[in-house]
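Descriptive structure summary
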2 protein chains.
Amino acid sequence: MKLTEAKQQFISSWGAFGTHWGINRTMAQIHALLLVSADPLTQDDIMEELNISRGNTNMNIRELINWGLVERVILPGERKEFFSAEKDIWKVVRLIVKERKKRELDPLLKLLDQLEEVEGDKRDKSIKTFVDTVSGMKRIGKQADKTLDMMIKADEHWFVGSLMKLIK
Amino acid sequence: MKLTEAKQQFISSWGAFGTHWGINRTMAQIHALLLVSADPLTQDDIMEELNISRGNTNMNIRELINWGLVERVILPGERKEFFSAEKDIWKVVRLIVKERKKRELDPLLKLLDQLEEVEGDKRDKSIKTFVDTVSGMKRIGKQADKTLDMMIKADEHWFVGSLMKLIK
DNA sequence: TTATTTTTTCAAAAAGTTTTGAAATTTCAA
DNA sequence: TTGAAATTTCAAAACTTTTTGAAAAAATAA
């Protein structure tokens, strides 16, 4: 496969995967393009390469910067801003996990804490079912929280190495 | 908080969370309702409780059954079908991970294998950047694959217990 | 059987999300 | 300063996904 074709495949597939991962298609495509670009690109480069509008490009670059996945690069002597993606994939995964944890898991745990305090006699079958479900989720949720925090801080090899020891 | 209100909160929040988790809102709401129901419910119960149409209810119940999260229950002497959700949350998490891995991670790994075989001289900067990105992803992806497989098979306490030992 | 109830399907409508592009704002070199 | 270039904003349009509901199919009791 030729490089140009491979790049295109990569960008379009990463876009499709992104949609399953809480990231919209364009955002994922811009990310993919920057990941496989040897040098930083301008907004115009990205617009042209992906055939998307200026507004769309701008909004999604900004979102990628918020996630910490892309950074603005100022090249001396250039008027335009350039953008480049974090290339260390393990760092990328940690950034994504960190962001999604903050947006999804943390609010869920907060909610479960509130819901566990439902009024009523726990010997009542319907109360029991509710409380048991909520408590079960809270337990698993807290464990996931710890595990993910560990992962966010961990070095790639430490983490995987440790896990691998467990199955031997 | 009263049980009725708590249930409603739980259902509506689980619905909202679901949308971040590759599960549509109604599917997640039906799942939530069944999780906190002490007894199996019929399609009509679900329609009424969530104010949704018959078709919508039917399609989403079917999808929940496909994921293994809900099962059909036949009660003797009853004409209608009843539905109940798997209540063991650790099992629920494993089922969701299993399904999402199959739909998302497995195809990604397949794609990366193909893309790694791009033609050209790896001393070429643009080829190198592409191959490095793809290889990096493949490495992390394979590790995630193993870790998730382990998790899918693992007992809750074995898995978490082992992880916890590592941070002490 | 046949009639009635229950479940399933699917085209069209509604709802939700993303994208566009032109106007407003900001930046910066001269 | 000023004006050209670059960036940002956001309402409307395009697109995508979900939901509805009525009709078809399947299941079951009599």
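All of the points below concern the structure found in this document. Residue positions are given per chain, counting from 1 as you read along its sequence in written order. Ligands are numbered from 1 and chains lettered from A, in the order in which they are written. Reporting in this predicted model follows two pLDDT cut-offs: at least 70 for local features of residues, and 80 or more for side-chain atom pairs to be given and counted; totals over whole chains, interfaces and linings ignore these cut-offs and use all residues. The basis for every side-chain value is the complete set of non-hydrogen atoms in the structure, without hydrogens or water.

1. Concerning the packing of aromatic side chains
Two aromatic rings, taken as a pair, are described by how far apart their centres are and by the angle between their planes. For the record, the criterion: Here is the rule: rings of Phe, Tyr and Trp (six-membered ring for Trp) pair when centre to centre is within 6.5 Å. Planes less than 30 degrees apart are stacked, more than 60 are edge-to-face, and the remainder are tilted. Each helix is a run of DSSP H or I of at least 4 residues and each strand a run of E of at least 2, with the numbering of both proceeding from the N terminus. Remark: exposure states derive from per-residue accessible area (1.4 Å probe, protein chains only) relative to the maximum for the residue type, with buried under 20%, exposed over 50%, and partly exposed in between.
Enumeration according to the criterion identifies 4 aromatic pairs over all chains in this entry. For the pair phenylalanine 130 of chain A and phenylalanine 10 of chain B, a centre-to-centre distance of 6.0 Å together with 75° between the ring planes defines the contact as edge-to-face. One end of the pair, phenylalanine 130 of chain A, is in helix α6 (residues 125–153); the other, phenylalanine 10 of chain B, is in helix α1 (residues 3–19), on a second chain. In this pair, the class of phenylalanine 130 of chain A matches that of phenylalanine 10 of chain B, namely buried. Taken together, the ring pairs connect Phe10 and Trp14 of chain A together with Phe130 of chain B into an aromatic cluster.

2. Details of the protein's contact with DNA strand D
Filter applied, for reference: The criterion for a residue being near a molecule or strand is simple. One of its heavy atoms has to lie within 4 Å of it. Within 3.5 Å is the distance limit for a polar contact, defined as a pair of N or O atoms, with the added protein rule that one can donate a hydrogen and the other accept it, and that residues adjacent in sequence qualify only through two side-chain atoms.
Near DNA strand D lie 18 residues; those nearest to it are Asn58 and Glu81 of chain A together with Thr26, Ser53 and Asn56 of chain B. A share of 65% of the atoms of DNA strand D within 4 Å of the protein falls on sugar and phosphate groups. Between a phosphate oxygen of DNA strand D and a side-chain N or O atom of arginine 62 of chain A, the distance comes to 3.1 Å. At 3.5 Å, a side-chain N or O of arginine 79 of chain B approaches a base nitrogen of DNA strand D. At the level of secondary structure, the elements contributing two or more residues to the surface near DNA strand D comprise α4 (54–67) of chain A together with α4 (54–67) of chain B.

3. Observations concerning the relation of the copies chain B and chain A
Spelled out, the test is: In superposing the copies, a least-squares fit is computed on C-alpha atoms, taking residues whose pLDDT is at least 70 in both.
Between chain B and chain A, the superposition needs a rotation of 180° and an axial shift of 0.0 Å, giving an RMSD of 0.1 Å. Expressed as a symmetry operation, the mapping of one chain copy onto the other fits a two-fold axis.

4. Some details on the protein's contact with DNA strand C
Residues in contact with DNA strand C amount to 19 residues; listed here are only the nearest, Thr26, Ser53 and Arg79 of chain A together with Asn58 and Glu81 of chain B. Within 4 Å of the protein, the atoms of DNA strand C are drawn from sugar and phosphate moieties in a proportion of 66%. Asparagine 58 of chain B is positioned with one of its side-chain polar atoms (N or O) 2.6 Å from a phosphate oxygen of DNA strand C. Looking at the surface near DNA strand C element by element, the count peaks at 5 residues for α4 of chain B.

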